[in-house]
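Here is what each chain is made of, one letter per residue.
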Amino acid sequence: MKKLSLLLFALILMGAARAAVRLPHVLSDGMVLQQQSSARLWGQATPGATVTVTASWDGGKPVRAKVSGDGRWEVRLVTPAASFTPRTITVTEGKGPEVTLRDVLIGEVWVCAGQSNMEFPVKGFGNCPLKDYNEVVSEASRYDGIRFLKIPSVMSSKPLDDAPCRWRSADVAHVGDCSAVGYFFARQLRSVLNIPVGLILANKGGTRVESWLDQANLERATREPLDSMVMTRKFPYDYDYPLLWGNGTFHPILNYTVKGILFYQGCSNVGAPGNEYSDRLALLVSQWRRDFGEGNIPFYFVQLAPYADNGDPRGTQRALLEEQQMRAADIIPNSGLVCTNDCVYPWEQGQIHPCNKKPVGDRLGWLALEKTYHQEGLQAESPRFDTMFIQGDTCFIRLKDTYGGISRYQDIEGFEVAGADKVFHRATAGHFWVPGHDPRNETIYVVSPEVPKPVAVRYCFRNFQIGNLGGNSGLPLFPFRTDNW
């Protein structure tokens, strides 16, 4: 009888524990909440109960929510201006143990999404090191207030609401596990704005843009297989699977209130026909903005770096995908693209994970500082092609977004020119002043003795071709072509 009573008592305790308020892992000690927002907090509790959330700011004014029949609840917590002062948040349903979140910082929260070059940690991958690793780690203490949350890269046939993860400080001991691109981005914000920065790392190496689209969008806009058995037969690697990575790796963060999204992806979509990639990327951004429910939040992404796809440095498959990324930047509202043509070394032709990640993160940071935080004094845009005119054997290229200057006048590398035969030859290029023309637009002459009657010009429009032309700030010129061959 005594044993039976103890068993009943244990079952009662287990039931009480299950009934107590519970939070997803993304809401935990050390997290960063988006400043001056109506931040979402959510979880589970006893159906029909009232959950009370109390923060250590605003005089501890409680916010309450009724728990739905399926045990879910959600509140909106108005957050103050950014601060390095640790805060606490207490959640209770009036019975059972309360949950207290400690060491909470208020700052700016950004998502780091994409494939392996975004996943690439400060400590690098196997045989893929980060440039100046020890220097980066040893300086981490200078950038206190940067924290990150890594969502485990998992697949799921159904959208997951939670994932085992925890917030960590990007200090000397732990910064090695943070996304390198994300970390350098955060350093820029931390340095200029002097506020905490939270990074949510939701990415997976090798994934395609289709890997992150939800079922409704895949069914509406693609012919991707959604049956797991068909996926297994069609794709040799699981990272190519559609739908499943978005369900398992991205869906758990969609309730979190964020400022914007950083995205570095595209290698696995090289070879996509026509405008397929840019259209699907635009669809993905629309999907994420809808699901985060914060309007047209900023979307800043990275153009692919040079790489000898299929062992062919002279091919153009990668350049065509980069061109699609340029189109995506034009059709996606409140977006920006950073150029990485100069972020590889000549000996990295076969290295799909270039070691120089700092310029990538820095440029994303400058874009955000200029376009989102309206920081004056920065020149965050890379120059790009504007127009071309031809006189005799010489092509004249006008650029835009140069901020009134170019980085070199001679010994410019990366230009090619072709005639009606569509055969491209290496060209000589240099600065050319056009009298009376708008000084904000710079002009480059391009000429090749092998092409007396030029028709088209290309700049670094190869799988692996590194140029050296930049704008007034030194940011590299985006690869381009004037033809549509």
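Let me begin by describing the structure that accompanies this report. (Residues numbered from 1 in each chain as written. Predicted model: local features only at pLDDT ≥ 70, side-chain atom pairs only at ≥ 80, totals over all residues. Heavy atoms only, no water.)

This part takes up the overall build of the chain. Broken down by element type, the chain carries 10 helices and 21 strands. Taken over C-alpha atoms, the radius of gyration comes to 26 Å for the chain, in line with the 23 Å a tight globule of 485 residues would show. Counting only C-alpha atoms, the chain reaches 100 × 50 × 40 Å along its principal axes. With 485 residues in all, the chain has 55% of them scored as buried. In the chain, once contacts between residues fewer than 6 apart in sequence are set aside, the share between residues at least 24 apart is 73%. (Helix = DSSP H or I, 4+ residues; strand = E, 2+ residues; numbered from the N terminus. Rg over C-alpha atoms; globule rule 2.2 N^0.38 Å. Buried < 20%, exposed > 50% of the residue type's maximum accessible area, 1.4 Å probe, protein only. Contact = heavy atoms within 4.5 Å.)

Residues other than glycine seldom take positive phi values, yet D132 does so here, at roughly 60°. Residue class for D132 comes out partly exposed when judged on its relative accessible area of 40%. In this model, D411 sits at a positive phi of 55°, which is unusual for a non-glycine residue.

Let us look at the sheet that holds strand β21 (residues 480–481). Pairing is antiparallel across the open sheet formed by 4 strands, whose spatial order is β17-β16-β20-β21. Unpaired on one side and paired on the other, β17 (424–426) and β21 mark the two borders of the sheet. Alignment of strand β20 (residues 456–459) against β21, held across 2 bridges, turns out to be antiparallel. Within β21, the position partnered with R458 by the bridge is R481. (Pairing = 2+ DSSP bridges.)

Here we come to the sheet that holds strand β15 (residues 394–400). Taken in spatial order, the 4 strands line up as β14-β15-β19-β18 in an open sheet, and their pairing is antiparallel. Pairing within the sheet leaves two strands with one partner each, and these edge strands are β14 (384–391) and β18 (428–431). Across this sheet, the average inter-strand angle for adjacent strands is 25°, counted without regard to direction. One ladder, built from 4 bridges, connects β18 with strand β19 (residues 443–447); its direction is antiparallel. Paired with H431 across the strands is I444, a residue of β19. (Axes fitted to C-alpha atoms, helices over the stretch in contact; angles between N-to-C directions.)

This brings us to the layout of surface pockets. Its volume calculated, the largest pocket comes out at about 340 Å³. What lines the largest pocket is a set of 15 residues, and nearest its centre among them are W42, G43, R72, D161 and N255. Looking at the lining of the largest pocket residue by residue, the class counts come to 6 nonpolar, 4 polar and 5 charged. (1 Å grid on protein atoms, 1.4 Å probe; cavity = no way out; pocket = protein on both sides within 12 Å on 5 of 7 lines; lining within 4 Å. Points joined across faces, edges and corners; volume = space filled by probe spheres on them. Nonpolar A, V, L, I, M, F, W, Y, C, P; charged D, E, K, R; others polar.)

The subject of this paragraph is helix α4 (residues 180–193). The end-to-end C-alpha distance of α4 is 20 Å, a good match for the 20 Å that 14 residues give at a rise of 1.5 Å each. Taking burial as the measure, the 14 residues of α4 include 11 buried ones, the bulk of the element. Here α4 has its buried residues at A180, V181, G182, Y183, F184, F185, A186, R187, Q188, L189 and R190. The N-cap residue of α4 is S179: its side-chain oxygen and the backbone nitrogen of G182 are 3.1 Å apart. Looking one or two residues beyond α4, the residue adopting positive phi is N194, at roughly 55°. (Expected span 1.5 Å × (residues − 1). Polar contact = N/O pair within 3.5 Å; in protein donor to acceptor, adjacent residues only side chain to side chain.)

Under the defined criterion, the tally for this structure stands at 22 aromatic pairs. With a centroid separation of 5.2 Å and an interplanar angle of 65°, the aromatic rings of W110 and F185 are classed as edge-to-face. Of this pair, W110 sits in strand β7 (residues 99–114) while F185 is found in helix α4, placing the two residues 75 residues apart along the sequence. Owing to a relative accessible area of 0%, W110 belongs among the buried residues under this scheme. Given the relative accessible area of 0%, F185 is considered buried. Between Y183 and F184, the ring centres sit 5.9 Å apart and the planes meet at 50°, which makes this aromatic pair tilted. Like F184, Y183 is buried. Grouped by ring-pair contacts, the aromatic residues W212, F250, F263, W288, F292, F299 and F301 constitute a single cluster. Looking at K357, its charged tip hangs above the ring of F120, at a distance of 4.3 Å from the centre. (Phe/Tyr/Trp six-rings, centres within 6.5 Å; stacked < 30°, edge-to-face > 60°. Lys NZ or Arg CZ within 6 Å of the ring centre and 35° of its normal.)

A word on the environment of I352. Topologically, I352 is positioned in the loop between β13 (335–338) and α10 (358–372). By relative accessible area, which is 29% here, I352 ends up partly exposed. Taking the C-alpha atoms as reference points, I352 and A308, separated by 44 residues in sequence, lie 8.4 Å from one another. When sequence neighbours within four positions are dropped, the list of residues in contact with I352 reads N117, C267 and Y307.

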